Amino acid sequence: MRIRATVAAVSGALALSALAVPAAQADGSGDHRADVTKVREAARAAAGKTPFTGSTGSDGEPYALDLSFSNVKVNDGKPIVAGTTNRVSVPVTYSVKHAASVDITADDFLMPVDLYRGSYDDPANFVFGDDLPACTETSSTTATCKGTIDVYPQELMNEDATTWKASGYAIALNGIDLDDEDADWSKVGVVDQDGLATTKLQRYSRLTVNASPEPVKKGKTVTVTGLLSRANWNTGKYAGYTAQSVQLQFRKKSSDTYTTLKTVKSDSKGNLKTTTTATVDGYFRYNFAGTSTTPAVKATGDYVDVQ
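About the cut-offs
- Residues numbered from 1 in each chain as written.
- Predicted model: local features only at pLDDT ≥ 70, side-chain atom pairs only at ≥ 80, totals over all residues.
- Heavy atoms only, no water.
- Helix = DSSP H or I, 4+ residues; strand = E, 2+ residues; numbered from the N terminus.
- Buried < 20%, exposed > 50% of the residue type's maximum accessible area, 1.4 Å probe, protein only.
- Contact = heavy atoms within 4.5 Å.
- Areas by Shrake-Rupley, 256 points an atom, 1.4 Å probe, with all protein chains shown as cover.
- Disulfide = S-S within 2.5 Å.
- Pairing = 2+ DSSP bridges.
- Axes fitted to C-alpha atoms, helices over the stretch in contact; angles between N-to-C directions.

Participant: Help me understand the overall build of the protein chain in this model?
Facilitator: If you tally the helices and strands in the protein chain, you get three helices and 20 strands. Classification of the 307 residues of the protein chain by burial places 49% in the buried group. Sequence-distant contacts in the protein chain: of pairs separated by 6 or more residues, those separated by 24 or more amount to 70%. Surface summary for the protein chain: the accessible area is close to 14,500 Å², and the carbon and sulfur share equals 48%.

Participant: Would you mind showing me how to read the state of the cysteines here?
Facilitator: A covalent bond bridging the sulfur atoms of two cysteines is what the word disulfide describes. Under the definition given, this model contains one disulfide. Through a disulfide, C135 is tied to C145; the S-S separation comes to 2.1 Å. Between C135 and C145, the S-S dihedral sits near 110°, and the bridge is therefore right-handed. On the criterion of sequence distance, the pair formed by C135 in strand β8 (residues 134-137) and C145 in strand β9 (residues 142-151) is long-range, its members being 10 residues apart. Judged by relative accessible area, which is 32%, C135 ranks as partly exposed.

Participant: Would you take a moment to explain the sheet that holds β8 for this structure?
Facilitator: Ordered by their spatial adjacency, four strands build an open sheet running β2-β4-β9-β8, and the pairing between neighbours is antiparallel. The open sheet has two edge strands with one neighbour each: β2 (67-74) and β8. Strand-to-strand, the axes of this sheet are offset by a mean angle of 20°, without reference to chain direction. For β8 and β9, the ladder comprises four bridges, and the chain directions are antiparallel. Counterpart to T136 in the pairing with β9 is T144.

Pasting the structure below:
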């Protein structure tokens, strides 16, 4: 879970660091991600989406920024699949429409789309991009943007394998220093938009197979074992995926097509074991169709020479 902060904890230096330090963005450093988190929370707090505990400045509340998001697509519509260690970076694209008076090219203008799980007002977790999106103006009031969502397995729990929602926010600082206790918040523009898209986050799966003996006499028994496992984000390791239906498949040496022989269920540790009769030379494999939390996976075929 990432650091949560209200706008009272956000300084102008932090806000600008999220906009002006490409090196930090590029390496995905913890400091940079913490800064982005704080700026994000500042935008949500200023828009009234989170509890606000600090001063709003001498001149009142931020104004509503005339900008909207549309056509949001995360990872080209495919689920995001994360293992136990490596960062997963997926594309996010979207369009924005804004008033001609809104300068989206300003150095202190922030306009990303990120993902959250749970309640919009109080998300259980959220993920965002290490780098700021690149936006191209298509007219004086429209633009298209390309960015990334960067997922770090170390920041996930198993319950995060579910449907996530996309939200976008924009904040125009307009030169205002958020570290100034007397900052004129009425000059800061903010918009926060929910319900832009959905995507699934899944736990990476693995599947093995071993057919024996090798070689085997025609008509004799072939024992096929395997292991179905998936990422456990709670422990940072892989663990057996239990009580799952997995197909045992076979293809002849002379064929490119697998046929299903039977369905096997994984045991309490994710192990698979069954037997079949040797008929011709060919490859055995297990095939898992996947679930809402875990992607489909096929084992690499194991060749058996039938004599």
